[in-house]
Amino acid sequence: MTRVEQHEGVIMTGKLEGKVAFVTGAARGQGRSHALRLAQEGADIIAIDVNKQLPTVPYRGATPEDLAETVRQVEALDRRIVAAEADVRDYGALKAAVDEGVTQLGRLDIVSANAGIFSNAPSDQLSEEAWDEMIDINLKGVWLTAKAAIPHLRVAGGGSIIITSSTAGIKGTPNFVHYVAAKHGVVGVMRTLANELAADGIRVNTVHPTGVETGMILNDNLFELFMPDLPAEQRTREEFAKRMTGLNALPIPWVEPVDISNAVLFLASDEARYITGVQLPVDAGSTQK
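What counts, and where the lines are drawn
Residues numbered from 1 in each chain as written. Predicted model: local features only at pLDDT ≥ 70, side-chain atom pairs only at ≥ 80, totals over all residues. Heavy atoms only, no water. Core = buried A, V, L, I, M, F, W, Y, C linked by side-chain atoms within 4.5 Å. Buried < 20%, exposed > 50% of the residue type's maximum accessible area, 1.4 Å probe, protein only. Contact = heavy atoms within 4.5 Å. Helix = DSSP H or I, 4+ residues; strand = E, 2+ residues; numbered from the N terminus. Phe/Tyr/Trp six-rings, centres within 6.5 Å; stacked < 30°, edge-to-face > 60°. Polar contact = N/O pair within 3.5 Å; in protein donor to acceptor, adjacent residues only side chain to side chain. Pairing = 2+ DSSP bridges. Axes fitted to C-alpha atoms, helices over the stretch in contact; angles between N-to-C directions.

Draft legend 1. Region of the structure containing the nonpolar core. In terms of nonpolar packing, the biggest core is built from 56 residues, with F22, L108, I161, I163, V204 and F240 touching the most fellow members. With residues up to four places along the chain from it excluded, the contact list for F22 reads I46, I48, L94, V98, L108, I110, V111, S112 and T145. Among the nonpolar cores identified, the runner-up in size contains 31 residues, and V23, A27, A43 and I110 belong to it.

This is the structure we're talking about:
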């Protein structure tokens, strides 16, 4: 039986008791939310982030202090966490982080391949540097994350890999050609791994968020893209929310990180024990418009 307890207003049922989860991009935003939600259900955490500003990313990058705060919040849930600075483009650093986490925590059962960046430009104006950085992080980085983790999942007798894609992994979106390409690409990675790893009891799925209330969308770069008709001082969060609402079927501008985390939790848990090779939208109906 799983344990049921209350912690700071959150009901925890222990769905992941005794399991260990590896979360990339864990310093803040969705990654921190995923780490905390999995920890709330009993998982110990291996967490990484790059912790620096990247050249083509038009919003603030994660910092060592951000990752330290994730560590603090996980430990406040009475869970163990092993955190490291690592770039998902660097297989050696990824493997070292996962190997060290498994050494300290004893096993690996769950992978949340969440790390990713966002930038935008019309296709004919996009720089090669922006294309390369996007594909290397959002696509190649997912493959390298899985490559580093798969041997440990096999030793554990199975597990679950959850890859963060996007509604841009389901449909095309103007001004984001490199992002759309990467997020479509990880669906191909997921489908291939789901077939390759099924015999090992390893399930592989993607989640596809609409806009999520994090710094990735709440920044001056996207405010300018969505409100080019307004002067800078009128590009407010409230006006941005109105315009974002038009993208979704449900009358909301965006979802919260925990909404994606709950989907990750479901796919990581035994409740999804026979679900593999699936694209799960958490998109307020945006892909139906």
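Draft legend 2. View of the side chain of S112. Along the chain, S112 falls in strand β6 (residues 110-113). You can call S112 buried: its relative accessible area is 0%. When neighbours within four sequence positions are excluded, S112 is seen to be in contact with F22, V23, T24, H34, I162 and V264.

Draft legend 3. Representation of the packing of aromatic side chains in the model. By the definition in use, this model includes five aromatic pairs. Judged by centre distance (5.0 Å) and plane angle (80°), the ring pair of F118 and Y179 falls under edge-to-face. Taken as a pair, F118 in the loop between β6 and α4 (128-155) and Y179 in helix α5 (residues 177-197) lie far apart in primary sequence, 61 residues in all. The exposure classification of F118 matches that of Y179, with both residues buried.

Draft legend 4. Looking closely at the side chain of D44. Here D44 lies in strand β4 (residues 44-49). On the accessibility criterion, D44 (5% relative accessible area) is buried. A polar contact of 3.3 Å, which involves the side chain of D44, links it to the side chain of R79.

Draft legend 5. The arrangement of the sheet that holds strand β7 (residues 159-164) in detail. One open sheet holds the seven strands; their spatial order is β5-β4-β3-β6-β7-β8-β9, and the pairing between them is parallel. What marks the edges here is a single partner per strand, and that holds for β5 (81-85) and β9 (279-282). Across this sheet, the average inter-strand angle for adjacent strands is 15°, counted without regard to direction. In this structure, β6 lies alongside β7, joined through four bridges in parallel fashion. What sits directly across from V111, in β7, is I161. Of the strands in this sheet, β4 and β5 are in contact with helix α2 (residues 64-76), which crosses β5 at around 175°. The strands touched by helix α3 (residues 91-105) within the sheet are β3 (20-24), β4 and β5, with β4 carrying the most contacts at an inclination of about 160°.

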